[in-house]
Amino acid sequence: MPDEGLKAIATAISIAVGVVGPGIGIGLLAAKGLEAIGRNPEAESKIRTNMILAIAFTEALAIYALVIALILKFT
Amino acid sequence: MKMPPIHISLKAENIFYLLGIPVSNSMITTWLVMVFLISLSLITYTRLSLIPGYLQIALELLVGGLYSLFKEILEEKIDKFFPFIITLFIFIIFVNWSGILPGIGTIGVTEHKEFIPLFRAGTADLNMTLALATLTIFYVQYAGLQSLGIVYLKKFFDITNPLNFIIGILELISEISRIISFTFRLFGNIFAGEVLLTVIAFLMPVLAPIPFLGLELFVGFIQALVFSMLAAVFFALAVTHAEY
């Protein structure tokens with residue numbers, strides 16, 4: 001197989017596998033956050049801020065995979 | 001009709017050389033942001049008054065809000081570390097936002113049939129985020145040493161028993177991995193945003209980029225908050241005695 005093709009496959013695999021975990025994680029976070037808001041609507045703003053922070057940390061994992069994919073693609 | 005290729009470059013391009021030191025396009029943008037921030041603070045500082053103007057109200061709101069936010073993490077150590085942390089926050093947020101100004105990444109020169117943009121968001125350059133992360137982690141070590149003395153080093157080099165020795169090595173590795181995760185979190189988010197905006201503008205130049213610009217404003221704010229919040233947590237961890 002030529003190098004270009006291998007590179008394209010590696011890029012696709014790195015981002016495709018890399019987003020699975022963070023996807024599940026963000027789903028769980030949002031589900032629990034909404035559940036918490038449903039139980040205690042007065043605390044909505046506090047829950048939302050913390051939820052977004054936690055989502056930003058989880059999303060960072062997907063971003064690492066994206067960085068690898070971008071490095072593979074553009075170098 | 002052949003479409004022009006999308007210009008995406010992983011590393012910042014060198015624009016010119018200053019005394020033999022290469023000056024890249026992201027450095028130029030960072031300097032402009034620094035000039036903006038310094039003049040903003042000088043203007044506000046010279047016009048401080050008991051009856052505040054709009055500018056003073058806005059900045060007091062920013063500093064006051066962040067002070068109460070970080071007070072929850074740092075508690076009584078807040079006054080020692082707050083200047084450093086808020087500098088990180090304000091600097092990172094404005095450097096992030098500078099990347100979505102019109103003209104950044106689109107104004108440039110063509111050299112050897114290759115387009116080189118004159119400006120590029122500062123944090124979309126790996127050197128910049130690596131420098132910020134290294135600075136933060138080294139200051140954390142310094143703060144730990146200063147407040148706990150030589151006891152702080154016991155966290156890394158403990159020869160009382162073999163298990164503690166291995167844990168010390170793991171602690172050392174985790175400090176290095178903190179630098180790496182700091183670096184790539186900020187760089188990845190901002191650079192991915194740049195790529196996203198470029199691709200969207202390429203696919204559909206009218207109207208479509210507007211929601212994504214809003215998203216990038218939000219991401220820039222969240223990443224600045226995450227960076228400074230994590231720094232605050234590391235400071236709080238470093239200056240307190242480890243309890244087993």
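Residues numbered from 1 in each chain as written. Chains lettered and ligands numbered in written order. Predicted model: local features only at pLDDT ≥ 70, side-chain atom pairs only at ≥ 80, totals over all residues. Heavy atoms only, no water.

### Quick notes on a nonpolar patch on the surface
Residue and element names in this part refer to chain B. Residues Phe16, Leu18, Leu19, Trp31, Met34, Ile38 and Leu42 make up a contiguous nonpolar surface patch of roughly 730 Å² in combined accessible area. At the level of elements, strand S1 (14–18) and helix H1 (25–46) are the ones that each hand at least two residues to the nonpolar patch. Tracing the chain through its elements places Leu19 in the loop between S1 and strand S2 (21–24). Residue Leu19 is classed as exposed on the basis of its relative accessible area of 85%. (Patch = residues over 30% accessible without salt bridge, like charges linked within 9 Å, V, L, I, M, F, W, Y side chains within 5 Å. Areas by Shrake-Rupley, 256 points an atom, 1.4 Å probe, with all protein chains shown as cover. Salt bridge = Lys/Arg side-chain N within 4 Å of Asp/Glu carboxyl O. Helix = DSSP H or I, 4+ residues; strand = E, 2+ residues; numbered from the N terminus. Buried < 20%, exposed > 50% of the residue type's maximum accessible area, 1.4 Å probe, protein only.)

### A closer look at the pairing of S2 of chain B
Residues and elements named next belong to chain B. As judged from the four bridges shared by S1 and S2, these two strands associate in the antiparallel manner. The residue bridging Leu18 from the neighbouring strand is Ile21, located in S2. Here S1 folds back onto S2, and the loop between the two strands holds two residues, one of which, Leu19, carries a positive phi near 55 degrees. (Pairing = 2+ DSSP bridges.)

### Details of the packing of helix H1 (residues 3–18) of chain A against helix H3 (residues 44–74) of chain A
Residue and element names in this part refer to chain A. At a minimum axis separation of 8 Å, H1 and H3 run at an interaxial angle of 175 degrees. With respect to H3, the element H1 is oriented roughly antiparallel. The residues of H3 that touch H1, namely those facing Lys7, Ala10, Thr11, Ser14, Ile15 and Gly18, are Ala62, Ala65, Leu66, Ile68, Ala69, Leu72 and Lys73. Grouping the constituent residues of the contact of H1 with H3 by class yields eight nonpolar, three polar and two charged. (Axes fitted to C-alpha atoms, helices over the stretch in contact; angles between N-to-C directions. Parallel < 35°, antiparallel > 145°, perpendicular 65-115°, else oblique. Contact = heavy atoms within 4.5 Å. Nonpolar A, V, L, I, M, F, W, Y, C, P; charged D, E, K, R; others polar.)

### So, the confidence of the model for chain A
When the pLDDT values of chain A are averaged, the result is 89; 99% of them are 70 or greater. Taken element by element, chain A is modelled with least confidence in H3 of chain A, mean pLDDT 87, and with most confidence in helix H2 (residues 20–39) of chain A, mean pLDDT 94. (pLDDT = per-residue confidence, 0-100.)

### Points about the nonpolar core
Counting 56 residues, the largest nonpolar core has Phe70, Leu74, Leu132, Phe191 and Phe235 of chain B as the members making the most contacts within it. Where this core is concerned, the elements lending two or more residues are H3 of chain A together with H1, helix H2 (54–74), helix H3 (78–98), helix H4 (126–148), helix H5 (162–203) and helix H6 (209–239) of chain B. Considering each element in turn, this core owes the most residues, 14 residues, to H6 of chain B. With sequence-adjacent residues up to four places away left out, Phe191 of chain B is seen in contact with Leu70 of chain A together with Ile8, Ser9, Leu10, Arg120 and Ala124 of chain B. (Core = buried A, V, L, I, M, F, W, Y, C linked by side-chain atoms within 4.5 Å.)

### Here we look at the interface of chain B and chain A
In this complex, chain B contributes 18 residues to the contact, which on the side of chain A involves 14 residues. Here chain B meets chain A over a buried area of about 1400 Å², counting both sides, of which 85% is carbon and sulfur. Run the count over chain B and chain A and you get zero salt bridges. For the pair chain B and chain A, the interface holds one residue pair in polar contact (both at pLDDT 80 or more). Of all the secondary structure elements, the ones that give two or more residues to the side of chain B that touches chain A are H5 and H6 of chain B. No other element matches H5 of chain B, which puts nine residues into the side of chain B that touches chain A. Class assignment of the residues belonging to the side of chain B that touches chain A gives a composition of 13 nonpolar, four polar and one charged. (Buried area = accessible area lost by both parts, 1.4 Å probe. Polar contact = N/O pair within 3.5 Å; in protein donor to acceptor, adjacent residues only side chain to side chain.)

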